[in-house]
Amino acid sequence: MTSITTLIVAQKRGRAALMAGMAALLISGEIVPAWGADEAPKMSPAVKPVPHDSKVFRGDPQYEDQKYDPKRQIKIYGAKSRIDEPRPVLELGRPIYKEGPFQEGVNLLGRKNLLFPG
């Protein structure tokens, strides 16, 4: 057998194994197909279904009528300038806004109450 023929046979076997696995899951009831989802969901007696308004949800906006303008995108997102982040008047312990990973704390008050000396 050539390598291409071997590849085709392996693909067919893999596809057959995948289809057999899917059939086994469907038969076992682990996967419910979309057409079987019409029955009422099983819920705890303490749970009540809420009203559903399908008008609340809608599809994503479509922009086929507008041409993409990269200069406008740069103007929107690229024309931002850096500002100094706000700092508290008294900053004890670990700084609030700090780049990079945090240093390990000191376990003086327990492992859930670590101290971070500045």
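Residues numbered from 1 in each chain as written. Predicted model: local features only at pLDDT ≥ 70, side-chain atom pairs only at ≥ 80, totals over all residues. Heavy atoms only, no water.

Engineer: Explain the overall build of the protein chain to me, and be specific about the residues and the numbers.
Structural biologist: Across its full length, the protein chain carries two helices and zero strands. Out of the 118 residues in the protein chain, the part that is buried amounts to 1%. Total accessible area on the protein chain stands at roughly 12,200 Å², and carbon and sulfur atoms take up 60% of it. (Helix = DSSP H or I, 4+ residues; strand = E, 2+ residues; numbered from the N terminus. Buried < 20%, exposed > 50% of the residue type's maximum accessible area, 1.4 Å probe, protein only. Areas by Shrake-Rupley, 256 points an atom, 1.4 Å probe, with all protein chains shown as cover.)

Engineer: I'd love a proper account of a nonpolar patch on the surface, names of residues and values included.
Structural biologist: On the surface, Val106, Leu108, Leu109 and Leu115 cluster together into a nonpolar patch covering about 370 Å² of accessible area. Take Leu115: it is sitting in the segment after helix H2 (70-78). (Patch = residues over 30% accessible without salt bridge, like charges linked within 9 Å, V, L, I, M, F, W, Y side chains within 5 Å. Salt bridge = Lys/Arg side-chain N within 4 Å of Asp/Glu carboxyl O.)

Engineer: Which residues make up the layout of surface pockets, and what values go with them?
Structural biologist: By volume, the largest pocket is sized at about 170 Å³. Along the wall of the largest pocket there are 11 residues; nearest its centre are Arg94, Pro95, Lys98, Gln103 and Pro117. Within the lining of the largest pocket, the residues separate by chemical class into five nonpolar, three polar and three charged. (1 Å grid on protein atoms, 1.4 Å probe; cavity = no way out; pocket = protein on both sides within 12 Å on 5 of 7 lines; lining within 4 Å. Points joined across faces, edges and corners; volume = space filled by probe spheres on them. Nonpolar A, V, L, I, M, F, W, Y, C, P; charged D, E, K, R; others polar.)

Engineer: Account for the environment of Asn107, with residues named and values stated.
Structural biologist: Relative to the helices and strands, Asn107 resides in the segment after H2. Given the relative accessible area of 49%, Asn107 is considered partly exposed. Of note is the side chain of Asn107, whose polar atom sits 3.2 Å from the backbone nitrogen of Gly110. A polar contact is formed between the side chain of Asn107 and the backbone nitrogen of Arg111, at a distance of 3.3 Å. (Polar contact = N/O pair within 3.5 Å; in protein donor to acceptor, adjacent residues only side chain to side chain.)

Engineer: For the environment of Pro86, give the residues involved together with the corresponding values.
Structural biologist: Structurally, Pro86 can be placed in the segment after H2. Residue Pro86 is classed as exposed on the basis of its relative accessible area of 57%.

Engineer: If you had to explain the environment of Tyr97 to someone new, which residues and values would you point to?
Structural biologist: Secondary-structure assignment places Tyr97 in the segment after H2. Distance from Tyr97 to Arg87, taken between C-alpha atoms, is 7.8 Å for residues 10 residues apart in sequence. Dropping the residues within four chain positions of it, Tyr97 is found in contact with Glu85, Pro86, Arg87 and Glu91. (Contact = heavy atoms within 4.5 Å.)

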